[in-house]
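# Topology and contacts: notes
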Amino acid sequence: VVGNSLAGLKAYGAPKRKSHCIYNGFSFTRTEKLSGREEMRQQLGIETPLIVGMVASFSRFKDYPVYYKAAAQLLTERRDITFLAVGDFTDSEDSIANVSPDLRSSFRFLGRRSDAESLINCMDICVLATFTEGISNSIMEYMALGKPVVATDGGGTKEIVEEGRTGYLVKAGQPGELADKIRVLADDPDKRALMGRAGQDKVKSQFLLSTM
């Protein structure tokens, strides 16, 4: 039995003697011809100093409502952050309806994009609010591009996100906790840089495409 996370193998009850974990792999060739940060900011019409983003489809498997609630909490106290939602159906009416009209100018609902890596490259903090995961390709991309991660603790996520080293893990369904961790990183550029470098090193050492 082969799985892409130890958590997945455990969840399926696969016997250890018949199981093997092969993690997803990332190719750094995907980072070679990215659009620059300022180019992307201009394209998206972003003037705030900070950008927080989540790359995932808007579906029942991803917890965009919690991401949007966390963003709304932060926007009641500060307006120096623009929040991105990138992925299938994030530009749908159902997605946008989660954000009150008075806050929507602080969001970019981008839908499916072919330039996800360039968008991640312009982010300062990357989020994945979900319920459970194997090894998330989005998180792998965040870390490969040197971004600190705030993600829901579940499934195999803790196998790639090291709490306090490459990012933060939060409980499912807790927008306040998610907002708190985003706030910590928003206020500490040195911590963002340190976590980003640690995450990139982890991908290079454990999650390369050649290793997979």
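Residues numbered from 1 in each chain as written. Predicted model: local features only at pLDDT ≥ 70, side-chain atom pairs only at ≥ 80, totals over all residues. Heavy atoms only, no water.

### As for the overall build of the protein
- If you tally the helices and strands in the protein, you get nine helices and eight strands.
- Computed over the C-alpha atoms, the radius of gyration of the protein is 17 Å, within 12% of the 17 Å expected from 2.2 N^0.38 for a compact globule of 212 residues.
- With respect to the principal axes defined by its C-alpha atoms, the protein has extents near 55 × 35 × 30 Å.
- By the burial criterion, 50% of the 212 residues in the protein qualify as buried.
- Once local pairs closer than 6 in sequence are excluded, the contacts in the protein between residues at least 24 apart make up 64%.
- Accessible area for the protein stands at about 10,100 Å²; split by element, carbon and sulfur atoms hold 50% of it.
- Of the side chains in the protein, 28 bear a positive and 27 a negative charge, and the two mean positions are spaced by 6 Å. (Helix = DSSP H or I, 4+ residues; strand = E, 2+ residues; numbered from the N terminus. Rg over C-alpha atoms; globule rule 2.2 N^0.38 Å. Buried < 20%, exposed > 50% of the residue type's maximum accessible area, 1.4 Å probe, protein only. Contact = heavy atoms within 4.5 Å. Areas by Shrake-Rupley, 256 points an atom, 1.4 Å probe, with all protein chains shown as cover. Lys, Arg positive; Asp, Glu negative; His and termini not counted. Charge placed at Lys NZ, Arg CZ, Asp CG, Glu CD.)

### Structural notes on the packing of aromatic side chains
- Under the counting rule described, the total for this entry stands at 11 aromatic pairs.
- Ring centres of Tyr67 and Phe83 lie 6.2 Å apart, and the angle between their planes is 70 degrees; this geometry places the pair in the edge-to-face category. With Tyr67 in helix H3 (residues 64-75) and Phe83 in strand E4 (residues 81-86), the pair connects residues that are 16 residues apart, well separated along the chain.
- Judged by its relative accessible area of 0%, Tyr67 is buried.
- Ring geometry for Phe107 and Phe109: centres 5.6 Å apart, planes at 10 degrees, overall stacked. Taken individually, Phe107 and Phe109 each receive the classification buried, so the pair is uniform in this respect.
- Through successive ring pairs, a cluster of aromatic residues spans Phe58, Tyr64, Tyr67, Tyr68, Phe83, Phe107 and Phe109.
- One Lys or Arg, Lys181, reaches over the ring of Tyr168 and ends 4.7 Å from the middle of that ring.
- The side chain of Lys204 reaches across the aromatic face of Phe28, ending 5.6 Å from its centre. (Phe/Tyr/Trp six-rings, centres within 6.5 Å; stacked < 30°, edge-to-face > 60°. Lys NZ or Arg CZ within 6 Å of the ring centre and 35° of its normal.)

### Notes on unusual backbone geometry
- Its identity as a non-glycine residue notwithstanding, Phe89 has a phi of 70 degrees, on the positive side.
- Among the secondary structure elements, Phe89 is positioned in the loop between E4 and helix H4 (93-96).
- Of the residues examined, Phe89 reaches a relative accessible area of 55% and is grouped as exposed.

### Some words on the pairing of strand E6 (residues 125-128)
- Of the two faces of E6, both are covered, the one formed by Ile125 and Val127 as well as the one formed by Cys126 and Leu128.
- Where strand E3 (residues 50-55) meets E6, three bridges bridge the pair, whose relative direction is parallel. Across the sheet, the residue bridging to Val52 is Ile125, located in E6.
- Note: E6 against strand E7 (residues 149-152), three bridges, orientation parallel. Bridge pairing in E7 links Leu128 to Ala151.
- At this point the chain moves from E6, through helix H6 (residues 137-144), to the parallel E7, and the crossover so formed is right-handed. (Pairing = 2+ DSSP bridges. Right-handed = clockwise from strand over helix to strand, strands pointing away.)

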